[in-house]
Amino acid sequence: MAVVAVWKCDRDGAMFDNKKDAEEHDKMLELAANITALIERNIEGVSEEASEEIGLMLAKRREVLAKACKGKPEELLAAEEQDEPSSDENVTPLAANQ
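Residues numbered from 1 in each chain as written. Predicted model: local features only at pLDDT ≥ 70, side-chain atom pairs only at ≥ 80, totals over all residues. Heavy atoms only, no water.

K.L.:
Would you mind showing me how to read the pattern of salt bridges here?
P.N.:
Between side chains of opposite charge, pairing is possible as soon as their charged atoms come close. The tally for this structure, following the rule as stated, stands at five salt bridges. Notably, a salt bridge pairs Lys 19 with Glu 23, separated by 3.9 Å at the nearest N-O pair. Residue Lys 19 and its partner Glu 23 are located together in helix H1 (residues 19-42), separated by four residues, close to a single helical turn. When its relative accessible area of 40% is taken as the criterion, Glu 23 is described as partly exposed. With its nearest N and O atoms 3.7 Å apart, the salt bridge here joins Arg 62 to Glu 63. (Salt bridge = Lys/Arg side-chain N within 4 Å of Asp/Glu carboxyl O. Helix = DSSP H or I, 4+ residues; strand = E, 2+ residues; numbered from the N terminus. Buried < 20%, exposed > 50% of the residue type's maximum accessible area, 1.4 Å probe, protein only.)

Shown next as C-alpha cells:
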C-alpha cells in the first residue's frame, strides 16, 4: 500500500498534492470571503449567494484585475476571451483513487 501526502484546505475541504497549490487556493478563498463581505456591507439588496459568486469570481481573476487597475482595463475582457485554466485543476481527485 502506497502512502500519498495531500494537503487539505480548511475552508472548502479541497485536497491538493502539494503545499504550494493548497496555500494558493486558501489565499484565493480568503480574498473571496473578504470581497464578499465588502460587497455585502456596501451594496444594499445583493443576495448572499450573489455576493459570494461575485467575490469568488473576482478572487479567481485577481491577477487580471490587478493589471486592469494599473491602467490596462482591456485585460479584463481579453482574459475572458481566452480559455484560462481554472485553479481547480490543481485539486487532487481523491475520490477517484478510492
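Next comes the rest of the write-up.
K.L.:
Looking at this structure, I do not really get helix H2 (residues 48-60). What am I missing?
P.N.:
One turn of an α-helix holds 3.6 residues; hence residues three or four places apart share an orientation. The end-to-end C-alpha separation of H2 is 18 Å, in line with the 18 Å expected for 13 residues at 1.5 Å each. By the burial criterion, the buried members of H2 are Ser 51, Gly 55 and Ala 59. Across the axial projection of H2, the buried residues extend over an arc of 65°, all falling on one side. Away from the buried face of H2 by more than 90 degrees, exposed residues Glu 49 and Glu 53 are located. (Expected span 1.5 Å × (residues − 1). Arc of directions from axis to C-beta.)

K.L.:
Just to check I follow, could you spell out the packing of H1 against H2 for this structure?
P.N.:
To describe two helices that pack against each other, one gives the angle between their axes and the distance between the axes. Running from amino to carboxyl end, H1 crosses H2 at an angle of 135°, the nearest separation of the two axes being 8 Å. With respect to H2, the axis of H1 lies oblique. For the element pair H1 and H2, the recorded crossing hand is right-handed. Note on element contacts: H2 touches H1 through Glu 48, Ser 51, Glu 52, Ile 54, Gly 55, Leu 56, Leu 58, Ala 59 and Lys 60, opposite Met 28, Leu 29, Leu 31, Ala 32, Ile 35, Thr 36, Ile 39 and Glu 40. (Axes fitted to C-alpha atoms, helices over the stretch in contact; angles between N-to-C directions. Parallel < 35°, antiparallel > 145°, perpendicular 65-115°, else oblique. Left-handed = near helix turned anticlockwise from the far one by under 90°. Contact = heavy atoms within 4.5 Å.)

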